[in-house]
Amino acid sequence: MANQLIINSASAKATINRMIYGHFAEHLGRCIYDGFYVGENSSIPNIHGIRSDIVSALKKIKIPCLRWPGGCFADEYHWMDGIGPKEHRPAMVNTHWGGISENNHFGTHEFFELCELLGAEPYICGNVGSGTVREMSEWIEYMTSDAQSPMTTLRAQNGKKEPWRLKYFGIGNENWNCGGRMRAQYYVDEMMRYNLYARDYGNNKLYRIACGPRNENYKWTKELMEIGAPYIDAIALHYYTRVADPTRTTNLADGNEQYYMDPSISRGSATDFAEDEWFQIMKAALHLEHLIQKHTAIMDFYDPDKKVDLIIDEWGTWFDCEPGTNPGFLYQQNTLRDAISAGTSLNIFNNHADRIHMTNIAQTVNVLQAMILTDGAKMLLTPTYHIYDMYQVHQDAQLLDFALLCEDYTYNGQSIKQVNVSVSKNRDNQINITLVNIAPDQGAQITCHIPDLETLSVSNALVLTAPQMNARNTFEYPDTIYPQRFTGFKSAGQTLQIDMPSKSVVLLTVPC
Ligand code: AHR
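Residues numbered from 1 in each chain as written. Predicted model: local features only at pLDDT ≥ 70, side-chain atom pairs only at ≥ 80, totals over all residues. Heavy atoms only, no water.

A. Broad picture of the overall build of the protein. Helix and strand counts for the protein stand at nine helices and 28 strands. In summary, the protein has a C-alpha radius of gyration of 23 Å against a globular reference of 24 Å for 512 residues, a match within 12%. Its C-alpha atoms put the protein at 70 × 55 × 50 Å along the principal axes. Expressed as a percentage of contacts within the protein between residues at least 6 apart in sequence, the contacts between residues at least 24 apart total 76%. Of the roughly 19,400 Å² of accessible surface on the protein, a fraction of 50% belongs to carbon and sulfur atoms. Averaging the coordinates of the 42 positive side-chain charges in the protein and doing the same for the 58 negative ones gives two points 3 Å apart. (Helix = DSSP H or I, 4+ residues; strand = E, 2+ residues; numbered from the N terminus. Rg over C-alpha atoms; globule rule 2.2 N^0.38 Å. Contact = heavy atoms within 4.5 Å. Areas by Shrake-Rupley, 256 points an atom, 1.4 Å probe, with all protein chains shown as cover. Lys, Arg positive; Asp, Glu negative; His and termini not counted. Charge placed at Lys NZ, Arg CZ, Asp CG, Glu CD.)

B. Seen up close, helix α5 (residues 184-197). Helix length check: α5, at 14 residues, gives a terminal C-alpha distance of 20 Å against a target of 20 Å (1.5 Å per residue), a fit within 8%. Those residues of α5 not exposed but buried are A184, Y187, V188, E190, M191, Y194 and N195. Against the buried residues of α5 lie α3 (133-144), β10 (168-171), β11 (207-214) and α6 (218-228). (Expected span 1.5 Å × (residues − 1). Buried < 20%, exposed > 50% of the residue type's maximum accessible area, 1.4 Å probe, protein only.)

C. Structural view of the sheet that holds strand β17 (residues 398-399). The antiparallel open sheet is built from seven strands, whose spatial order is β2-β17-β21-β22-β28-β24-β25. Either end of the sheet is taken by a strand with one partner, and the two such strands are β2 (14-15) and β25 (484-485). With five bridges connecting them, strand β24 (residues 460-464) and strand β28 (residues 504-511) associate as antiparallel partners. If you follow V463 over to β28, its bridge partner there is V506. Contacting β17, β21 (419-425), β22 (430-437), β24 and β28, helix α8 (residues 336-351) crosses the sheet at an angle of about 50° to β21. (Pairing = 2+ DSSP bridges. Axes fitted to C-alpha atoms, helices over the stretch in contact; angles between N-to-C directions.)

D. Structural view of the pairing of strand β23 (residues 444-449). Burial of β23 is one-sided: the residues A444, I446 and C448 facing one way are buried, the residues Q445, T447 and H449 facing the other way are not. Pairing geometry for strand β1 (residues 3-8) and β23, over four bridges, is parallel. Across the sheet, the residue bridging to Q4 is T447, located in β23. Pairing between β23 and strand β27 (residues 495-500): six bridges, direction antiparallel. Each bridged residue has a counterpart across the sheet, and for H449 the counterpart in β27 is T495.

E. Structural view of the site of the ligand. Surrounding the ligand, one finds 15 residues, the nearest of these being E26, C72, E174, Y240 and E314. Within the contact set of the ligand, an oxygen atom lies 2.8 Å away from a backbone nitrogen or oxygen of C72. Contacts to the ligand include N173, whose side-chain N or O atom sits 3.1 Å from an oxygen atom. For the ligand, the accessible surface in isolation is 280 Å², of which the surrounding protein chains cover 100%. Looking at the shell around the ligand, its residues break down into nine nonpolar, three polar and three charged. (Near = heavy atom within 4 Å. Polar contact = N/O pair within 3.5 Å; in protein donor to acceptor, adjacent residues only side chain to side chain. Nonpolar A, V, L, I, M, F, W, Y, C, P; charged D, E, K, R; others polar.)

F. Just the side chain of N195, in detail. With respect to the element layout, N195 can be found in helix α5. A polar atom in the side chain of N195 sits 2.6 Å from the side chain of R208. Here the side chain of N195 touches Y231 through a polar contact of 2.9 Å, landing on its backbone oxygen. Discounting chain neighbours no more than four positions away, the residues touching N195 are I171, R208, Y231 and I232.

G. Structural context of unusual backbone geometry. The linkage connecting W68 with the following residue, P69, adopts the cis geometry, with an omega of 5°. Position of P69 among the secondary structure elements: in the loop between β6 (65-68) and β7 (92-94). Backbone torsion omega between G70 and G71 reads 10°, so that peptide bond is classified as cis. By the element assignment, G71 lies in the loop between β6 and β7. Phi angles above zero are rare outside glycine, and K306 is one such case at about 55°. Here K306 is to be found in the loop between α7 (275-302) and β13 (309-317). Taking relative accessible area as the criterion, K306 reaches 32% and is therefore assigned partly exposed. In this structure, K503 is a non-glycine residue whose phi angle is positive, near 35°. Judged by its relative accessible area of 6%, K503 falls in the buried class.

Next up, the structure:
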């Protein structure tokens, strides 16, 4: 069967919210300290302790929002420890991630400054697991109130007279596990109580994000939507792309499991793998389509007008940490496999832009599927970073309808679709097509047809690929893999013949 892509250029289905290209930064391993934040006295160029090269790199991909301070860390974080003069801030033990001492030098003020430097919307996740209603309520008052109060006086004493503007606020993280091991019903009751006292001050209106399910926990989505929907703006699903593990048995309450917190279970190497683990990761990335369809079907039942958004505020690949690094730091390398998996996941998110408001890949620097890895003053951009660079064309563009007929990629008797795609039209009347060929050693010839256009021309074409499945950038060779000019297409009247290399992501821009 020939691969065919037919695009309806007049079919604006939804706006692809730029927040879909969001990120996540937790106090975990070397994400904040030795990552984003090196401190004012560092010899590495910085602005009030925030690394300048990281800021520039993330601005280039138009980072739209940043989630902080966790993750599991959020449900052990006590915000008052992270304000005021640094020398007076009490240290804590980061019990969840490596048991190391956290000096609280990066706190609320530093986070807002980072977001301002990046031009990104702050997204703060509150502590439901081990905090109090009062603590959360006062944090929001401290950040957003413009009234005279003990919290705003404290903020002014700490150098910030005017309130910040904060839109995105999460009522807990993974409350079915590290955020309190709650059953769905119990969480919904707690969420409504915390949410009630998370006030809107002055003109600041919070966008309230409830802790959603993990993976296939449809029961959680059902119970949350049934009772909680009128009180929230979004629910947040978590899904990590991992190799399959037959030993997944440890069940927690309500169908949740502790699988991915268990360090004794191997998740496979990030760099040393054969086609078997390549296939498993591609299959796991494509599984997102199924998950989103099922969770949104439940949401549609309780909320047919789509008032509550779906957010995926943790996703990405999760492998064994790099040999010789602290297992509690979740530091992993990033290869072409991660890029193909990210391209596939982002295509799926784009195609569900009618429900998906935001996603946050885990985690921006030095943790899991990172954009950036650092080693002292050195910094490298990962293949996943380059996907975000290529896909930024979709930010705030109109999602277009398409039909894709494509061949299967078969491995060991199992088949998955070889090609996936998303298509959008921007304000400059350009159609951007991002195609992913997931087969590791099979090219894909695609005939693309846009019936409403007289002629198809291409004004920009890029490809990300490499000869090896595990091609990656290293500190010694930081430019091994990056997007290159793509010439594998021919336009003939109303059709475009595209010749994709194996294991590649292609961006084509078609003026219309
Ligand atoms: O991203 C790492 C961890 O994965 C987060 O802290 C937690 O929310 C999830 O389980």
